[in-house]
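# Results of the structural survey
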Amino acid sequence: MEFAMVSGNLALDLAGTLRWRRTAREEQLVDPDALASWLVASGAAPAPVPVDAATLARGLALREAIYRLACDHLEGRAFDPDGLATVNAAAAGPATTIALTADGLVRRGDVDAALGDVARSLITVLTDPSAPPLKECGREACTRLYLDRSRGARRTWCGMEECGNRVKAAAYRARRRSAGGAPN
């Protein structure tokens, strides 16, 4: 399975593994192997790590807590206490270790270390006053959250490949209709 890593933050990319939250929900982490694959694809785990059903449940709970807390931040609400407890518990766990070798960076850690790093990445982005603005994709069906690192922070979609192209095409068709031209 391919995962979209368009959020600019490890935790926000995990939150994006449940797609289309307001409409036809699409779960990407359907089993322990999918979470193991996401951890490697995202860089959270240095190599495939064993994931069982209990770990998958913890990963999904962390994902939902991340999404709730990020939405609370976006809306200026007080953080959800259950979400805080879940993220803080994961963040208090072990971290992946890194070492510089002749071949470059080497990372080591188990699944709990990887999930802990994911939780810590959310804490960092929600508490760093110099972090880029946190936004939700402007495409109506999409519920991905992302950090807007664009010049002037004017980006309105999570990623160009899926949502950006569709938003731009819809805007083009709307302009053509309003100008009296035939939409393509």
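An account of the accompanying structure is given in this report. (Residues numbered from 1 in each chain as written. Predicted model: local features only at pLDDT ≥ 70, side-chain atom pairs only at ≥ 80, totals over all residues. Heavy atoms only, no water.)

### Concerning the overall build of the chain
Regarding its fold elements, the chain presents six helices and six strands. When the helices and strands of the chain are listed from N to C terminus, the series reads α-β-β-α-α-α-β-β-α-β-β-α. Along the three orthogonal principal directions, the C-alpha set of the chain runs to about 60 × 40 × 35 Å. Looking at the 184 residues of the chain, the share that counts as buried comes to 38%. Sequence separation of at least 24 residues holds for 53% of the intrachain contacts in the chain that already meet a minimum separation of 6. (Helix = DSSP H or I, 4+ residues; strand = E, 2+ residues; numbered from the N terminus. Buried < 20%, exposed > 50% of the residue type's maximum accessible area, 1.4 Å probe, protein only. Contact = heavy atoms within 4.5 Å.)

### Regarding helix H2 (residues 32-42)
Inspection of H2 places Ala34, Leu35, Ala36, Trp38, Leu39 and Ser42 among the buried residues, and these make up the whole buried set. Buried-residue contacts for H2 involve helix H1 (10-15), helix H3 (53-75) and helix H5 (111-127). By the N-cap criterion, in which a side-chain oxygen at the helix start approaches the backbone nitrogen of a residue two or three places on, H2 is capped by Asp31, the distance to Asp33 being 3.1 Å. Gly43 lies just past H2 and shows a positive phi near 90°. (Polar contact = N/O pair within 3.5 Å; in protein donor to acceptor, adjacent residues only side chain to side chain.)

### Some points on the pattern of salt bridges
All chains considered together, the criterion is met by 11 salt bridges. A salt bridge links Arg77 to Asp72, with the shortest nitrogen-to-oxygen separation between them at 2.9 Å. Here Asp72 falls in the buried class, since its relative accessible area comes to 6%. The salt bridge involving Asp148 is made with Lys135; its shortest N-O contact spans 2.5 Å. Within this pair, whereas Asp148 is found in the loop between strand S6 (145-147) and helix H6 (160-178), its partner Lys135 is found in strand S5 (residues 134-136), the two being separated by 13 residues in sequence. Since its relative accessible area comes to 2%, Asp148 is described here as buried. Salt bridges sharing partners connect three or more residues here, namely Arg21, Glu27, Arg63 and Glu64. (Salt bridge = Lys/Arg side-chain N within 4 Å of Asp/Glu carboxyl O.)

### Some details on the environment of Gly152
Along the polypeptide, Gly152 turns up in the loop between S6 and H6. With 61 residues separating them along the chain, Gly152 and Ala91 place their C-alpha atoms 32 Å apart.

### Structural notes on the layout of surface pockets
Roughly 240 Å³ of internal volume is contained in the largest pocket. What lines the largest pocket is a set of 11 residues, and nearest its centre among them are Glu2, Phe3, Ala4, Glu161 and Glu162. Per-element tally for the lining of the largest pocket: the top contributor is H6, with three residues. Per-class residue counts for the lining of the largest pocket are four nonpolar, two polar and five charged. Lining the second largest pocket are Arg58, Ala61, Leu62, Ala85, Thr86, Ala89, Ala90, Gly93, Pro94, Asp112 and Leu115. Sorting the residues of the lining of the second largest pocket by element identifies H3, helix H4 (81-91) and H5 as the ones contributing at least two each. Among the elements that line the lining of the second largest pocket, the one with the most residues is H4, at four residues. (1 Å grid on protein atoms, 1.4 Å probe; cavity = no way out; pocket = protein on both sides within 12 Å on 5 of 7 lines; lining within 4 Å. Points joined across faces, edges and corners; volume = space filled by probe spheres on them. Nonpolar A, V, L, I, M, F, W, Y, C, P; charged D, E, K, R; others polar.)

### Focus: the pairing of strand S4 (residues 104-108)
In terms of strand pairing, strand S3 (residues 97-101) meets S4 through five bridges, oriented antiparallel. Counted as the bridge partner of Ile98 is Arg107 from S4. Hairpin connection, S3 to S4: the antiparallel pair is bridged by two residues. (Pairing = 2+ DSSP bridges.)

### A closer look at the packing of aromatic side chains
Applying the stated criterion across every chain yields a total of zero aromatic pairs. Directly above the aromatic system of Tyr67 lies the positively charged group of Arg21, at a separation of 3.7 Å from the ring centroid. (Phe/Tyr/Trp six-rings, centres within 6.5 Å; stacked < 30°, edge-to-face > 60°. Lys NZ or Arg CZ within 6 Å of the ring centre and 35° of its normal.)

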